[in-house]
Amino acid sequence: MNAILTMIAQRLALGVLTLFIVSLIIFFSVSLMPGDYAEAILGQAALPDTVRAFREQLGLDQPAYVRYFQWLGGVFTGDLGTSFSSERAVTELIGARFGNTMFLAAYAALIAVPLALVLGVLAALYRNSFYDRTVNVVTLTTISSPEFFLAYVLIMFFSVGLWNGSEMIMGGFFPPIANVSDDVGFWERVYRTTLPAVTMTLVIVAHMMRMTRASIINLLASPYIEMANLKGLTKSRIVFKHALPNALAPIINVIAVNMAYLIVGVVLIEVVFVYPGLGGLLVDSVSKRDIPVVQGSCLVFAAVYILLNLTADVLSIISNPRLLHPR
Amino acid sequence: MTRFLKFMQSAPWSARFGMFVIAVYVFVAFFVPVLAPFGETELVGSSYQGWDSTYWLGTDSLGRDMFTRILYGARNTIGIAFVTTCLAFLLGGLLGFMSATLGGWVDQLLGRFVDVIMAIPSLIFALLLLTIFGTSVPVLIIIIAVLDSTRVYRLARAVGMNITVMEYVEAAKLRGEGLWWIIRREILPNAMPPMVAEFGLRFCFVFLFISALSFLGLGIKPPIADWGSMVKENAALISYGDITPLLPAGAIALLTVAVNFVVDWFLHKTSGLRDEH
């Protein structure tokens, strides 16, 4: 048991170190910006006095490492500076939208994970059957399609409808824009975010399902499964009772990795559906070159991503039977 | 030549379909000035005209011919993605093989560096870098190539590791051959099959990535015809039930599916796994 605890502690320490380095990168990459930060904001035509005053206001007259520690201190006390374009606190902007992004990601995960497991196990059970081949081609297609393509196709069929020359056919099931504000009730929110959640599901189910199938098929080739086969056990008993527990570690790993992907992939989906989430905020701020907001939201995204990958690591250690029962 | 033809005949229908699609795209990309009815940025009609015999797929928000721009998009979007992938392979492949051959501190340093870059989601990292360096095509190509080369590095190093322990590499080292010679003459030829397959997959990834950035308005920008930004420009048509804006997105999807089919078959072939005999 001790070996496991040490390994987990190691991973956690490594995760904290990675986060620290990532914060360094996010902060200092801005100083790579050609030209001066203040000049870039105010434009070439700004008077030297204005630029100097603005630089002092931003604290740019201090050396970079001092600013870094101020910024890092701010991260822990919930102060990420002020947005250039809206004059509002970055934490306030991010805080409001972070919950929305998490809601959408959790919604998509709730549909995607069970679906992927069922589809994957079935594909492994009925390997090379018509069902398996169909699922293979369909998932390959959804993996290969850009997210915004899937999103718009869903919008066409389930929300706007298709124009066949004289009238609209299909459509009208869900709103094309996932417009949620704070006063929207829970079920209404679920209804309005269904299309974005389904789009995300299409993307990640494909990955998870393929990995589930692959890891179970891999296991089915091992000697103890052959033994079970020779004993005359039924196929479903072999898969559920013998193969699945051992396949759990890789499957859990894949799920956590896909959750990490989900958090990032949400950026595009939020833009398509005009959903008020963190991804939409990030994209807006990038086009406005609103650096404090970009830094803040990048840090949040990177932190969630690293945490989820860390969870994947730790879970795969915990669910590994060889580590749980050392000789 | 006959051997090549025989090899091609052994391809399953999915791979043949994939190769056919890729060939069509490449043909269009090369001969687009001859094929396209209008110029790339030429304003030929009023905005948002419907499909008719002159403007096959109607016109866009500025009155440019959609069909023409989709054809030009093949050249621009695929060209930029291809250059980016080549650059990523040059960088990642070279560093990966170097790591594998030299080992020691070079390997450690590059390895840790790549770990850190890969700890940040690439879309987020790309957005951060684009904020800093601005969004122009050369910057876009360099940023994505560098971010993507980390994945190439990992594969190149792993493949290279298996080759550097071979006797013939040791013999070459003892003969006093240089690093570059060993990489080019001993490692590269043996690492070719997995690297070629990876090239296909990375191309798909880069292609989707650039399209996504263009769709967000942060990648290839108008007036250059590009499939990602064309979807964004004409997205308003979707609320009238018009499928025209989906065609460029469909073109992206079709190409990536085609490349995936071919890579699938290629991997199957080169890894020696064969279902049918």
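Residues numbered from 1 in each chain as written. Chains lettered and ligands numbered in written order. Predicted model: local features only at pLDDT ≥ 70, side-chain atom pairs only at ≥ 80, totals over all residues. Heavy atoms only, no water.

### Quick notes on the overall build of chain B
Counting its secondary structure elements, chain B contains ten helices and zero strands. When the helices and strands of chain B are placed in sequence order, the string is α-α-α-α-α-α-α-α-α-α. Relative to its 277 residues, chain B shows a buried fraction of 51%. Contacts spanning at least 24 positions in sequence make up 69% of the contacts within chain B whose residues lie at least 6 apart. Put simply, chain B shows about 12900 Å² of open surface, and 69% of that area lies on carbon and sulfur atoms. In chain B, which carries 19 positive and 19 negative side-chain charges, the distance between the mean positions of the two groups comes to 7 Å. (Helix = DSSP H or I, 4+ residues; strand = E, 2+ residues; numbered from the N terminus. Buried < 20%, exposed > 50% of the residue type's maximum accessible area, 1.4 Å probe, protein only. Contact = heavy atoms within 4.5 Å. Areas by Shrake-Rupley, 256 points an atom, 1.4 Å probe, with all protein chains shown as cover. Lys, Arg positive; Asp, Glu negative; His and termini not counted. Charge placed at Lys NZ, Arg CZ, Asp CG, Glu CD.)

### Considering the overall build of chain A
Scanning chain A from N- to C-terminus turns up 14 helices and two strands. A buried classification covers 45% of the 327 residues belonging to chain A. Of all intrachain contacts in chain A linking residues separated by at least 6 positions in sequence, the fraction that spans at least 24 positions is 68%. Accessible surface, chain A as shown: approximately 16500 Å² in total, 65% of it carbon and sulfur.

### A few points about the interface of chain A and chain B
Counting residues at the interface gives 45 residues for chain A, matched by 39 residues for chain B. Note on chain A versus chain B: buried area summed over both sides is about 3700 Å², and carbon and sulfur give 83% of it. For the pair chain A and chain B, the interface holds zero salt bridges. Viewed at the interface, chain B and chain A are joined by two residue pairs in polar contact (both at pLDDT 80 or more). Within the residue set of the side of chain A that touches chain B, elements represented by two or more residues are helix H1 (2–28), helix H6 (130–144), helix H7 (147–160), strand E1 (162–163), helix H11 (235–272), helix H12 (278–288) and helix H13 (291–318) of chain A. Within the side of chain A that touches chain B, the residues separate by chemical class into 37 nonpolar, seven polar and one charged. (Buried area = accessible area lost by both parts, 1.4 Å probe. Salt bridge = Lys/Arg side-chain N within 4 Å of Asp/Glu carboxyl O. Polar contact = N/O pair within 3.5 Å; in protein donor to acceptor, adjacent residues only side chain to side chain. Nonpolar A, V, L, I, M, F, W, Y, C, P; charged D, E, K, R; others polar.)

### Some details on empty space enclosed by the protein
All names here are of chain B. Evaluation of the coordinates by the stated rule reveals three cavities of 30 Å³ or more. The space that makes up the largest cavity amounts to roughly 50 Å³. Looking at the largest cavity, the residues that line it are Ser 122, Ile 144, Leu 147, Asp 148, Arg 151, Phe 205 and Phe 209. Breaking the lining of the largest cavity down by element, the ones donating at least two residues are helix H6 (137–164) and helix H8 (179–215). (1 Å grid on protein atoms, 1.4 Å probe; cavity = no way out; pocket = protein on both sides within 12 Å on 5 of 7 lines; lining within 4 Å. Points joined across faces, edges and corners; volume = space filled by probe spheres on them.)

### Some remarks on the packing of aromatic side chains
Tallied over the full model, the rule gives 19 aromatic pairs over all chains. With a centroid separation of 4.3 Å and 10° between ring planes, the pair formed by A:Phe148 and B:Phe215 is classed as stacked. Taken as a pair, A:Phe148 in helix H7 and B:Phe215 in helix H8 lie in two separate chains rather than in one. Each member of the pair, A:Phe148 as well as B:Phe215, is classed as buried. Each residue in the set A:Phe20, A:Phe27, A:Phe28, A:Tyr68, A:Phe69 and A:Trp71 is aromatic and connected to the rest through ring pairs, giving one cluster. One Lys or Arg, A:Arg189, reaches over the ring of A:Phe103 and ends 5.7 Å from the middle of that ring. Over the ring of B:Phe205 we find B:Arg202, and its NZ or CZ is 4.7 Å from the ring centre. (Phe/Tyr/Trp six-rings, centres within 6.5 Å; stacked < 30°, edge-to-face > 60°. Lys NZ or Arg CZ within 6 Å of the ring centre and 35° of its normal.)

### Overview of the nonpolar core
Residues A:Tyr152 and B:Trp227 are the most contacted members of the largest nonpolar core, which totals 140 residues. The biggest single contributor to this core is helix H5 (residues 90–125) of chain A, with 16 residues. Contacts of A:Tyr152, omitting those with residues within four sequence positions, involve A:Val272, B:Phe215, B:Val231, B:Ala235, B:Ile238 and B:Leu246. (Core = buried A, V, L, I, M, F, W, Y, C linked by side-chain atoms within 4.5 Å.)

### Quick notes on the side chain of B:Thr164
Residues and elements named next belong to chain B. With respect to the helices, strands and loops of the structure, Thr 164 is situated in helix H6. Only 3.1 Å separates the side chain of Thr 164 from the backbone oxygen of Met 161, close enough to count as a polar contact. Setting aside anything within four residues of it in sequence, one finds Thr 164 in contact with Ala 100, Thr 101, Val 169 and Ile 187.

### Considerations on the packing of H12(A) against H13(A)
Residues and elements named next belong to chain A. Running from N to C, H12 and H13 point in directions that differ by 145°, and their axes come no closer than 9 Å. As for the relative orientation of H12 and H13, their crossing is left-handed in sense. Across from Leu 278, Gly 279, Leu 281, Leu 282, Ser 285 and Val 286 in H12, the residues of H13 making contact are Val 293, Val 294, Ser 297, Cys 298, Val 300 and Phe 301. Split by residue class, the contact of H12 with H13 holds nine nonpolar, three polar and no charged. (Axes fitted to C-alpha atoms, helices over the stretch in contact; angles between N-to-C directions. Left-handed = near helix turned anticlockwise from the far one by under 90°.)

### A few points about the packing of helix H3 (residues 66–102) of chain B against H6(B)
Residues and elements named next belong to chain B. The interhelical angle for the contact between H3 and H6, taken along N-to-C directions, is 35°, at an axis separation of 5 Å. Once H3 is placed against H6, the crossing between them reads as right-handed. Among the residues forming the contact of H3 with H6, the class breakdown is 18 nonpolar, nine polar and two charged.

### Points about unusual backbone geometry
Its identity as a non-glycine residue notwithstanding, A:Val274 has a phi of 45°, on the positive side. Tracing the sequence through the fold places A:Val274 in the loop between H11 and H12.

### Observations concerning the pattern of salt bridges
Going through the model one piece at a time under the given rule, you end up with ten salt bridges over all chains. What emerges from the salt-bridge pattern is a single network uniting B:Arg112, B:Asp115 and B:Arg154.

### A look at the confidence of the model for chain B
Atom-level detail of predicted coordinates should not be read off regions where pLDDT is low. Residues and elements named next belong to chain B. On average, chain B scores 85 in pLDDT, and the residues at 70 or more come to 97%. Put simply, helix H1 (residues 2–9) is where chain B has its lowest mean pLDDT, 74, and H6 is where it has its highest, 92. The model gives residues 273–277 a pLDDT under 50, and that stretch makes four contacts with residues more than four places away or in other chains. Of the two predicted TM-score estimates for the complex, the pTM is 0.86 and the ipTM is 0.82. (pLDDT = per-residue confidence, 0-100.)

### Some words on a nonpolar patch on the surface
Judged by side-chain polarity, B:Val26, B:Phe27, B:Phe30, B:Phe31, B:Val34 and B:Leu35 come together as a nonpolar surface patch covering roughly 620 Å² of accessible area. With a relative accessible area of 45%, B:Phe27 lands in the partly exposed category. (Patch = residues over 30% accessible without salt bridge, like charges linked within 9 Å, V, L, I, M, F, W, Y side chains within 5 Å.)

### Side note on helix H4 (residues 64–77) of chain A
Residue and element names in this part refer to chain A. Over its 14 residues, H4 extends 20 Å from the first C-alpha to the last, a length consistent with the 20 Å expected when each residue adds 1.5 Å. Within H4, the full set of buried residues consists of Tyr 68, Trp 71, Leu 72 and Gly 74. Summarising the axial view, the buried residues of H4 lie within an arc of 155°, below the 170-degree limit, and thus occupy one face. Residues of H4 that are exposed and angled more than 90 degrees away from the buried face: Phe 69, Phe 76 and Thr 77. Elements that come into contact with the buried residues of H4 comprise H1 and H13. Downstream of H4 by a residue or two, Gly 78 has a phi angle that is positive, lying close to 75°. (Expected span 1.5 Å × (residues − 1). Arc of directions from axis to C-beta.)

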